[in-house]
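# Descriptive analysis of the structure
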There are 2 protein chains.
Amino acid sequence: MADAPLPDPHIVRSFDAELSALDRTLEEMGARIDANLTEALAALADHDADRAAAVSAADAAVDALEQRVNEQAVRMLALRQPKADDLRSVVAGLRCATMLERAGDYAAGAARRGIAEHAPPPGRSGASVQRMGRMVGDLMRRSVRAYLTRDTAAAHAVWQADAEVDAVHSSLFRELLTYMMEDPRDIGVCSHLLFVAKNLERIGDQATNIAELACYRVTGETLGHARPKHDLTSFAGLDDRAAPPHET
Amino acid sequence: MADAPLPDPHIVRSFDAELSALDRTLEEMGARIDANLTEALAALADHDADRAAAVSAADAAVDALEQRVNEQAVRMLALRQPKADDLRSVVAGLRCATMLERAGDYAAGAARRGIAEHAPPPGRSGASVQRMGRMVGDLMRRSVRAYLTRDTAAAHAVWQADAEVDAVHSSLFRELLTYMMEDPRDIGVCSHLLFVAKNLERIGDQATNIAELACYRVTGETLGHARPKHDLTSFAGLDDRAAPPHET
C-alpha cells in the first residue's frame, strides 16, 4: 500500500486478509497437485488403473480451486481497486492459478497415459520416469513456496534447475526410441511413455513459470524469455542446429 | 459502464478507447498465430528447415504482444479501476493473451518437431497432419473473432467443433503407431509426428478455451468443465474405460 498516503487501517487490514486468503487457496492448489503427482507416479509404478482414475477424478478439486482464485481476485480488483504492489500480487495470483491448474492437468494426464497400455515399461524406462517425476515434483513444491514467501533467490534456483529436467527428458526420449526400435512390441507402451515424460517435463515448465511469477510479484519485472530452457527432443534428429528458444 | 450512474463522458470514452486498444493487440496476436501456423504447416509439407526456424523466430513477436496485453491490462486496472462488465473484459483480455501465447508456442513447436527427422512422413500421415492443422487453424480464427465480436453463438459452435479435432487426433495417433509397427525405420519420424499432432490438438484446446472466454466476457459465466472434449489417445490401449474429463 506504498502509494496510499493515509490508508484507513481497517481497509488495509481487509485487503491484506483477502490477499492472504488468495495465497492460501494457491497453497492448497499446490499441495493437492503435489499429492496428485505422487499418486500418479505410484499408479505408474504399480500399473494401477484404479489409482490412475482416482488421480484423474481428484483433479476436479484443483480446477475448483482455480475457479475460487479467479473469483477472489476479481472481487478484490472490483472492490479494493488495488494499486502498485497490491495490484501486482492480485494479477500474479490469477496467473499462478492458471499455471497450477495446468500442472494439475499434466499430472492427471501422466497417470492416465501411464496405464493406457497393459505392457510394462521396457528396460529401465520405468525407473527413469519415476526419477523425472520426483525431480519435477520437487521443483513444483519449491516454486510454490518461493511464490508464497516472495523468495526471489529460491525462485531463481528453480528457474535454473529446470534445465536439468529438460536434459533428463531428452535422455528419456532417446531411451524410449531405442526400446521401440529393439522390439516393435514395445511401440505401444513406449508411445504413451513419450507423452508421460512430456507431461512431466511440462510440469517442470509450470514450476519455472511460477518461479518467474514469484520474481514478478516481488520486483515487478519478468525474467523474460531468456530462460535457460528448451525441449531438446525437438531437434533429436538434427546434429548441429541451435536449440529453439521456447518450449513446446 | 452500467453501474456508473453519472459517468464523466471523457473518462468513459478513454476507458473504451483503451479496451479497444487491448482488443486490437489480441487481434494482432491472433493474426500472427494464424500466419505462423500456416507457415508451420508449409514447413512440414516441404520439410523445410529454414522455414521452420523462421516460424520459431517469429513466435518472439507473439510473446512480445502478450507482454503488451499484460501491460495494457495492468495499467487499466490501476488507473481506471473498472467494475462489472468492464472489469470482466480486462480480466478476460489478460487470460486470452495467455491462451494465444500458448497457441503460438504450439505452432512453433509443431514446425520444429516436423523437421526434426530427415525421413518423410510415412503413408498418408503427412496429409492427415495437414488436414488436422487446417482444422485447428480454422477453429482458432473463429474463436478469436467470436471473442472480439462478443458472439456467444459462434463461440459455442467452436466449443462444440473441438470434439472433431480430438477424433481426428485419436485416429492419427493410431495411424502413426501402425506405421511404426510396420517398419521400425519409421519410428523416429513417427515419434516426432505424434508430438506434432499433439501440438495441433493443443491449439484446438486453446481455441476452445478462448471460445469459453468469449462467453465469460459476455455473460460472466464460464462454460465450466463440462466441455465436450478429451484426449482419446490417453486410453488408446484400453477398451472399456470411460474417457477422462480433461485434456492433457
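Below or above, wherever it landed, is the structure these notes cover. Please read these numbers as outputs of a predicted model, since none were measured by experiment.

Parameters and conventions
Residues numbered from 1 in each chain as written. Chains lettered and ligands numbered in written order. Predicted model: local features only at pLDDT ≥ 70, side-chain atom pairs only at ≥ 80, totals over all residues. Heavy atoms only, no water. Helix = DSSP H or I, 4+ residues; strand = E, 2+ residues; numbered from the N terminus. Contact = heavy atoms within 4.5 Å. Areas by Shrake-Rupley, 256 points an atom, 1.4 Å probe, with all protein chains shown as cover. Buried < 20%, exposed > 50% of the residue type's maximum accessible area, 1.4 Å probe, protein only. Salt bridge = Lys/Arg side-chain N within 4 Å of Asp/Glu carboxyl O. Lys, Arg positive; Asp, Glu negative; His and termini not counted. Polar contact = N/O pair within 3.5 Å; in protein donor to acceptor, adjacent residues only side chain to side chain. Axes fitted to C-alpha atoms, helices over the stretch in contact; angles between N-to-C directions. Parallel < 35°, antiparallel > 145°, perpendicular 65-115°, else oblique. Left-handed = near helix turned anticlockwise from the far one by under 90°. Nonpolar A, V, L, I, M, F, W, Y, C, P; charged D, E, K, R; others polar.

Moving on: the overall build of chain A. Scanning chain A from terminus to terminus reveals six helices and zero strands. Each helix and strand of chain A, ordered N terminal to C terminal, gives the series α-α-α-α-α-α. In chain A, once contacts between residues fewer than 6 apart in sequence are set aside, the share between residues at least 24 apart is 81%. Counting only carbon and sulfur atoms, one obtains 53% of the accessible surface of chain A, whose full area is about 9600 Å².

The next point concerns unusual backbone geometry. Residues and elements named next belong to chain A. At His47, a position not held by glycine, the phi torsion is positive, near 50°. Relative to the assigned elements, His47 resides in the loop between helix H1 (9–46) and helix H2 (49–80). Of note, Gln81 is a non-glycine position whose phi angle comes to about 45°, a positive value. For Gln81, a relative accessible area of 23% translates into the label partly exposed.

Looking now at the pattern of salt bridges. Any two side chains of opposite charge can pair, on the condition that their charged atoms come close. All told, the structure shown has 24 salt bridges over all chains when counted by the stated rule. The residue Arg141 of chain B makes a salt bridge to Asp34 of chain B at a minimum N-O spacing of 2.7 Å. Taken together, the residues Arg141 of chain B in helix H4 (residues 125–149) and Asp34 of chain B in helix H1 (residues 9–46) connect sequence positions 107 residues apart. Residue Arg141 of chain B is classed as partly exposed on the basis of its relative accessible area of 36%. Overall, the relative accessible area of 21% leaves Asp34 of chain B in the partly exposed class. Taking the shortest distance from any N to any O, the salt bridge between Asp183 of chain B and Arg185 of chain B comes out at 2.9 Å. Within the structure, one salt-bridge network assembled from shared partners comprises Asp34, Asp138, Arg141 and Arg142 of chain A.

On to the side chain of Ser125 of chain B. All names here are of chain B. Looking at the secondary structure, you find Ser125 in helix H4. Ser125 gets classed as buried once you look at its relative accessible area, which sits at 0%. Leave out the neighbours within four places in its chain, and Ser125 touches Leu172, Glu175, Leu176, Tyr179 and Leu193.

A word on the side chain of Glu175 of chain B. Residue and element names in this part refer to chain B. Note that Glu175 resides in helix H5 (residues 152–182). No salt bridge is formed by the buried Glu175; its nearest oppositely charged neighbour, Arg124, is found at 5.9 Å. Here Ser125 takes part through its backbone nitrogen, which lies 3.4 Å from a polar atom of the side chain of Glu175. Side chain to side chain, Glu175 and Ser128 meet in a polar contact 3.2 Å long. Setting aside anything within four residues of it in sequence, one finds Glu175 in contact with Arg124, Ser125 and Ser128.

Residues and elements named next belong to chain A. Helix H6 (residues 187–219) packs onto helix H3 (residues 84–114) with a crossing angle of 170° between their chain directions and a minimal axis gap of 9 Å. Here H3 is positioned roughly antiparallel relative to H6, judged by the angle of their axes. H3 and H6 meet at a crossing whose hand is left-handed. Grouping the amino acids of the contact of H3 with H6 by side-chain chemistry returns 15 nonpolar, eight polar and six charged.

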